[in-house]
Amino acid sequence: MNLSFSKLPILLRPFLLSLILSVFFLAFLATQSPHHRLKTSLIKNTRNPPSNNSSAGGLRIRPGYSSYNAYIERQLNKTLNPKLRKIWTTRDWDRKVRVFVRFFESLKQRNLLFNDSRALSIGARVGQEVAAMRLVGVSDSVGIDLVPYPPLVVKGDFHAQPFVNRTFDFEFSNVFDHALYPWKFVGEIERTLKPGGVCVLHVALSRRADKYSANDLYSVEPLVELFKESELVEVRNVDGFGLDTEKTLGSIRTK
């Protein structure tokens, strides 16, 4: 029915105008309902840091950094320590390379790593993992760290990897506890892995890691939840695979 507003009786006009305004007001309230706000909040939380920093929450970001530069400076205090670097490149070198050789061979046997994989070691320090991957036949492998160690390790921040999207078939790291922003650490892995690529993370659970760690992980679940474009392949409890204390080994495959 096409009825002109001007043709309505004068007494009905205020009532009709009030009715129209009420409908618009109710429609506005509907868009601001708790359900709508909750949906928006959930979408936002998938891209922001976890709000639960207690051990019950599974992942705790350590406080105390006044800025990102302060965090980087603290990490460099360890990486550039001349005594540690000497240990890493001398008495520690052969032992760790042998351990990583056995480890990467086991991944090859489970079809998680291949000779033709393009591989990245994240937080590689002086590159024992990279040397081991090359020894087992994965020749196209490289590491990143805040301090480069040519030719095995190039300069790079794992919160913002210096590589284009979909660069690698395989990524490995045992320094997740050093990530100040775990969601960025994981996001960069998913960004630089090819579809079907594999990420293997070696993490310590239920204990306070070293003084340079930036987060504490108490269960695998919050770490797995950070991967938005991947699926879990396996989780294993291992005895540090010969390096230190008991840790958990998790494998993730991108979709």
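Shown above is the structure to which this text applies.
Predicted model, so just to flag it, every value in this text is computed and none were measured. (Residues numbered from 1 in each chain as written. Predicted model: local features only at pLDDT ≥ 70, side-chain atom pairs only at ≥ 80, totals over all residues. Heavy atoms only, no water.)

### Points about the overall build of the chain
For the chain, the helix and strand inventory stands at eight helices and nine strands. Across the 255 residues in the chain, those meeting the buried criterion constitute 43%. Across the chain, every contact between residues at least 6 apart in sequence was considered, and the portion connecting residues at least 24 apart equals 65%. If you sum the accessible surface of the chain, you get close to 14500 Å²; carbon and sulfur atoms cover 57% of it. (Helix = DSSP H or I, 4+ residues; strand = E, 2+ residues; numbered from the N terminus. Buried < 20%, exposed > 50% of the residue type's maximum accessible area, 1.4 Å probe, protein only. Contact = heavy atoms within 4.5 Å. Areas by Shrake-Rupley, 256 points an atom, 1.4 Å probe, with all protein chains shown as cover.)

### Here's the deal with empty space enclosed by the protein
Empty space among the atoms becomes apparent when a probe as large as a water molecule is rolled across them. Using the criterion set out here, one finds three cavities of 30 Å³ or more in the structure. The space that makes up the largest cavity amounts to roughly 230 Å³. Lining the largest cavity we find 16 residues, and of these Gln-75, Thr-79, Asp-145, Phe-158 and His-178 sit closest to its centre. Residue assignment for the lining of the largest cavity shows that the elements contributing at least two residues are helix H3 (68–79) and strand E3 (141–145). If one sorts the elements of the lining of the largest cavity by residue count, H3 sits on top with five residues. For the lining of the largest cavity, a count of residues per class yields seven nonpolar, five polar and four charged. Leu-201, Val-203, Val-220, Leu-223, Val-224, Phe-227, Leu-232, Val-235, Thr-248, Gly-250, Ser-251 and Ile-252 together form the lining of the second largest cavity. Of all the secondary-structure elements, those providing two or more residues to the lining of the second largest cavity are strand E6 (193–203), helix H8 (221–226), strand E8 (230–238) and strand E9 (247–254). Counting residues per element, the lining of the second largest cavity draws most heavily on E9, at four residues. Within the lining of the second largest cavity, the residues separate by chemical class into nine nonpolar, three polar and no charged. (1 Å grid on protein atoms, 1.4 Å probe; cavity = no way out; pocket = protein on both sides within 12 Å on 5 of 7 lines; lining within 4 Å. Points joined across faces, edges and corners; volume = space filled by probe spheres on them. Nonpolar A, V, L, I, M, F, W, Y, C, P; charged D, E, K, R; others polar.)

### A look at the packing of aromatic side chains
For the structure shown, the criterion picks out 13 aromatic pairs. The interplanar angle of 35° and the centroid separation of 5.3 Å between the aromatic rings of Tyr-68 and Tyr-71 together place this pair among those described as tilted. Placement of both Tyr-68 and Tyr-71 in helix H3 is noted, with a separation of three residues, approximately one turn of the helix. With relative accessibility at 1%, the residue Tyr-71 sits in the buried group. For the pair Phe-103 and Phe-104, a centre-to-centre distance of 5.1 Å together with 50° between the ring planes defines the contact as tilted. Assigned by exposure class, Phe-103 and Phe-104 land together as buried. A connected cluster of aromatic rings, assembled from ring pairs, spans Tyr-65, Tyr-68, Tyr-71, Tyr-181 and Trp-183. Taking the ring centre of Tyr-212 as reference, the NZ or CZ of Arg-74 above it sits at 5.1 Å. (Phe/Tyr/Trp six-rings, centres within 6.5 Å; stacked < 30°, edge-to-face > 60°. Lys NZ or Arg CZ within 6 Å of the ring centre and 35° of its normal.)

### With respect to the pairing of E3
Of all five residues in E3, five are buried, a share of seventy percent or more. Here E3 shows two buried faces, one formed by Ser-141, Gly-143 and Asp-145 and the other by Val-142 and Ile-144. Pairing of strand E2 (residues 119–122) with E3, which is carried by four bridges, proceeds in the parallel orientation. For Ala-119, the partnering residue across the bridge sits in E3 and is Ser-141. The parallel pair E2 and E3 is bridged by helix H6 (residues 128–135), and the resulting crossover is right-handed. In this structure, E3 lies alongside strand E4 (residues 153–155), joined through three bridges in parallel fashion. Directly across from Ile-144, in E4, lies its bridge partner Val-154. (Pairing = 2+ DSSP bridges. Right-handed = clockwise from strand over helix to strand, strands pointing away.)

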